[in-house]
Amino acid sequence: MLIGIGIQYNQLKQTNNQVVNATTEKVKVEQELHQLELKNKESESNLAIVRDTKNTVVALGGQAVAPETSAKVYWNKETQVVYIDAAGMPEPPKGMVYQIWSLKLQPQLTPTSIGLLSDFTANDSKIFAVDKTADAEAFAITLEPAGGSLRPTMEQ
């Protein structure tokens, strides 16, 4: 009888371990599912930006410093909302940040900062919302010291 109780106790212990393992695995799967749901919502949101027929798409090419870089601006003139697709841009060097400029070309070139791409590495999709602008005639992206600049440096 003692042997039978020992075997039953051992089986109960194994079953309890299996329940603990299954519970741990369930929590892990639920967390992964939640992360996937968040990524899916982000992807759907980004796709809506790209597909919005009211958005004007402005392609930005690289300059002499980095001719291989590119970005796109999605600008809704009605709502004045601006998104930047920076997927074609490298990670900024340490201590630097990309700054977005709305440009008035006439009567003279007048840049107005509409935002920084400050969490560049954390944003997997590389699509960023920046400040609204109503009267842009062009857009530019410069590489500035962390925190941004009052005026574009134009070096990078």
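Structure's up top.
Residue positions are counted from 1 within each chain, in the order its sequence is given. pLDDT decides what is reported in this predicted model: residues at 70 or higher carry local features, side-chain atom pairs at 80 or more are listed and counted, and totals for whole chains, interfaces and linings draw on all residues regardless. Heavy atoms from the whole structure form the basis of all side-chain values; hydrogens and water molecules are not counted.

Participant: Before we go on, may I ask you to explain the pattern of salt bridges in this structure?
Facilitator: Oppositely charged side chains may form a pair once their charged atoms are brought near each other. Just to be clear on terms, a salt bridge is a Lys or Arg side-chain nitrogen sitting within 4 Å of an Asp or Glu carboxyl oxygen. Counting across every chain of the model gives 3 salt bridges. Taking the shortest distance from any N to any O, the salt bridge between Glu30 and Lys26 comes out at 3.7 Å. Of this pair, Glu30 and Lys26 both sit in helix H1 (residues 2–51), 4 residues apart, which is roughly one turn of the helix. A salt bridge links Lys104 to Glu137; the shortest N-O distance between them is 3.6 Å. On the criterion of sequence distance, the pair formed by Lys104 in strand S4 (residues 96–104) and Glu137 in the loop between strand S6 (127–130) and strand S7 (138–145) is long-range, its members being 33 residues apart. In this text, helices come from DSSP runs of H or I with a minimum length of four residues, and strands from runs of E with a minimum of two, each type numbered from the N-terminal end.

Participant: Sorry if this is basic, but what is going on with the layout of surface pockets here?
Facilitator: A probe as big as a water molecule, rolled over the atoms, marks out the empty space that is left. In the cavity and pocket records, a cavity denotes points on a 1 Å grid over the protein atoms alone where a 1.4 Å probe fits but cannot get out, a pocket denotes an open set with protein on both sides within 12 Å along at least 5 of 7 lines, and lining residues are residues with an atom within 4 Å of a point. Grid points are joined across faces, edges and corners, and a volume is the space filled by probe spheres set on the points. In this structure, the largest pocket spans a volume of roughly 640 Å³. Together, 29 residues line the largest pocket, and Gly61, Gln63, Ile141, Thr142 and Gln156 are the ones closest to its centre. Secondary structure elements with two or more residues in the lining of the largest pocket: strand S1 (55–61), strand S2 (70–76), S4 and S7. Top element by residues in the lining of the largest pocket is S7. It accounts for 5 residues. We call Asp, Glu, Lys and Arg charged. Ala, Val, Leu, Ile, Met, Phe, Trp, Tyr, Cys and Pro are nonpolar, and the rest, Gly among them, are polar. Classifying every residue of the lining of the largest pocket by side-chain character gives 19 nonpolar, 7 polar and 3 charged.

Participant: Just checking my understanding: could you explain the environment of Thr133 for this structure?
Facilitator: Its place among the elements puts Thr133 in the loop between S6 and S7. Overall, the relative accessible area of 6% leaves Thr133 in the buried class. C-alpha of Thr133 to C-alpha of Leu36: the two residues are 97 residues apart in sequence and 33 Å apart in space. Throughout, a contact is declared for two residues whenever any of their heavy atoms are within 4.5 Å. The contacts of Thr133, once residues within four sequence positions are left out, are Trp75, Gln80, Val82, Ser102, Ile114 and Phe139. Within the structure, Thr133 has its side chain in polar contact with the side chain of Ser102 (distance 3.1 Å). For every residue, the accessible area (1.4 Å probe, protein chains only) is compared with the maximum for its type, and the residue is labelled buried under 20%, exposed over 50%, or partly exposed between those bounds. Pairing of N or O atoms within 3.5 Å defines a polar contact, subject to two protein rules: one partner must be a possible hydrogen donor and the other a possible acceptor, and residues neighboring in sequence count only if both atoms are side-chain atoms.

Participant: Sorry, what's going on with the sheet that holds S2 here?
Facilitator: Sheets are built from strands that pair by backbone hydrogen bonding, the pairs being arranged parallel or antiparallel. If you trace the 4 strands from one edge of the open sheet to the other, you get S1-S2-S3-S6, paired in antiparallel fashion. In this open sheet, the two edge strands, each paired with only one partner strand, are S1 and S6. Across the sheet, the mean angle from the axis of one strand to that of its neighbour is 20°, orientation sign disregarded. Should DSSP find at least two bridges between two strands, the strands are regarded as paired. Inspection of the sheet shows S2 paired to strand S3 (residues 82–85) by 4 bridges, in the antiparallel sense. Directly across from Val73, in S3, lies its bridge partner Ile84. Convention adopted: a line fitted to C-alpha atoms gives each axis, helices being fitted over their contacting stretch, and angles between N-to-C directions are expressed from 0 to 180 degrees.

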